[in-house]
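# Results of the structural survey
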Amino acid sequence: MAEKLSAVKGMNDILPASVPRKEILPRAATWEWFDDVVKRVMARYGYQYIITPVVEPTQLFVRGIGEATDIVEKEMYSFTDTMNGDKLTLRPEITAGIVRAVVEHNALYNGPLRVWAQGAVFRHERPQKGRYRQFHQLDVEALGYPGPDIDAELILMGRALWREMGLKEGEHYRLELNTLGQPEERRAHREALVKHFEANAGVLDEDARRRLHTNPLRILDSKNPAMQPMIEAAPRLMDFLGEASRAHFDGLRALLDAAGQPYRINPRLVRGLDYYNLTVFEWVTDHLGSQGTICGGGRYDDLIEQIGGKSAPAIGFGLGIERLLLLVQELQVTQPDASPDVYAIVSEEGSLATAMPLIEELRASGVTVVLHSGSTSAKSQMKKADASGAKHALVFDAAQVTVKPLRDRDAQATPMPLASATPAAVTAALQSHA
Ligand code: ATP
Ligand code: MG
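Residues numbered from 1 in each chain as written. Chains lettered and ligands numbered in written order. Predicted model: local features only at pLDDT ≥ 70, side-chain atom pairs only at ≥ 80, totals over all residues. Heavy atoms only, no water.

## Quick notes on the UniProt feature "binding site: L-histidine" (unreviewed entry) in the protein
When the UniProt feature table is mapped to this numbering, "binding site: L-histidine" (unreviewed entry) covers Glu-93, Ile-94, Thr-95, Arg-123, Gln-137, Glu-141, Arg-271, Tyr-275 and Tyr-276. Relative to the assigned elements, Gln-137 resides in strand S6 (residues 134–143). Exposure remark for Gln-137: the relative accessible area of 9% places this residue in the buried category. Setting aside anything within four residues of it in sequence, one finds Gln-137 in contact with Glu-93, Ile-94, Ala-117, Gln-118, Gly-119, Val-121, Arg-123, Leu-319 and Ile-321. For Glu-141, the location among the structural elements is in strand S6. Its relative accessible area of 0% is what places Glu-141 among the buried residues. Apart from residues lying up to four places away in sequence, Glu-141 is in contact with Tyr-47, Thr-95, Ile-98, Leu-113, Arg-114, Val-115, Tyr-300, Ile-315, Gly-316 and Phe-317. (UniProt positions renumbered as here; feature names shortened; annotations may be inferred. Helix = DSSP H or I, 4+ residues; strand = E, 2+ residues; numbered from the N terminus. Buried < 20%, exposed > 50% of the residue type's maximum accessible area, 1.4 Å probe, protein only. Contact = heavy atoms within 4.5 Å.)

## Things to note about the pairing of strand S5 (residues 113–122)
With eight of its 10 residues buried, S5 lies for the most part within the structure. As paired strands, strand S1 (residues 48–49) and S5 are joined by two bridges and run parallel to one another. Note on S5: the bridge partner recorded for Gln-48 is Val-115. Across 10 bridges, the pairing between S5 and S6 is antiparallel. By the bridge assignment for S6, Ala-117 is matched with Asp-139. (Pairing = 2+ DSSP bridges.)

## Observations concerning the sheet that holds strand S16 (residues 414–417)
Across the sheet, which stays open at both edges, the five strands sit in the order S13-S12-S14-S15-S16 with mixed pairing between neighbours. A single partner strand is all that each edge strand has here, and the edge strands are strand S13 (369–371) and S16. Geometrically, the sheet is characterised by an average inter-axis angle of 20 degrees between neighbouring strands, direction not taken into account. Relative to strand S14 (residues 392–396), strand S12 (residues 342–346) is paired through five bridges, and the arrangement is parallel. Across the sheet, the residue bridging to Ile-345 is Val-395, located in S14. Helix H14 (residues 378–387) contacts S12, S14 and strand S15 (400–405) of the sheet and is inclined by roughly 165 degrees relative to S12. Together, S12, S14, S15 and S16 form the strand contacts of helix H15 (residues 423–432), whose direction differs from that of S16 by roughly 170 degrees. (Axes fitted to C-alpha atoms, helices over the stretch in contact; angles between N-to-C directions.)

Structure (structure tokens):
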């Protein structure tokens, strides 16, 4: 036998429930269920589906996400196309690709655009629960809208998703909110921060001294107890916001309050990508350990111009599907039953040529039917029918068809002569002990 190959480290197979393997990730049926939830919610909010390539020019992410970010510095799968020397990257997120497409096709020419996308993204991180090298995102973007009405719409759409899935505010998830203001406001704040840190140089640890001029904001994240009083006393961005930025934030807060959506203002919430301004938010949970952020987003009013388009405001969010479905699994949120309605068996006396046309008609009318394939004993066929989770077996013999209830022990089987076994008659028998 040839040597077996395995999936690349940090990249997972999402398997059907019937494959006997211990897996931490939810099975494929849960993903299908989530897809349905997403489609319903997106349609309700008037968002259109968009698909962009998994591979993009490396430059898109360097320019879009920012050179000094974790993603661009160390997490990207980049390679050179050996045919022509092009520098390419497996997308580490979906926003930049959508913005590239919007600019390329001049998609805002007729006005703003609301879109959503879904698919695999790639980041070279240390794999652990809730953190993988290939994972999947749901991505929602509203382009050409200055907000804050749209900021509120996107946040409430997140809530609609959680609610539709049966998750509960507070108990299962909560919203964290912040504003990053505008670049010039951030610059003024940064200068004040550096001054403050320099004035307290004696308290800074080695890490902080190294970051003082590269990324002073990161010093605020330090866990060093000796530095906490100095960090507490540091100037806050909130105090550097101009009137417009403040009004934007207040406007969003008023809309969330009116819609009854609680939130915590978290001044430490800065997000890992350079392109954000004004509103940033995260949906977090306490049930997934340190991988507790299931969804994050924010406004990126300068990105479209940076990618070469005509300046236009925009906001969006990315949701980690693995993390969300792990949460659903952890909380044992009930999902619709994915078992078939019917498991069909053709006995030795029966004939497939008779059974298949009837089964096709049942399927066409919306009944889900799994047809047994292969020759095994009648007993093992019934075992398979049972294991399929189907509510009924449909057994084809030489002259009759029998509907056998599988879940209700007291219910009677309904035999009917082949000649009278129309789709309507079979459906009626299925429903008689539904
Ligand atoms: P984290 O701080 O956990 O690294 P992030 O800020 O890098 O997250 P985003 O770029 O905002 O994440 O991506 C949106 C969402 O994608 C996250 O909120 C998270 O749910 C999910 N996510 C991010 N990285 C991974 C990963 N390596 N594996 C699985 N899901 C991920
Ligand atoms: Mg990250």
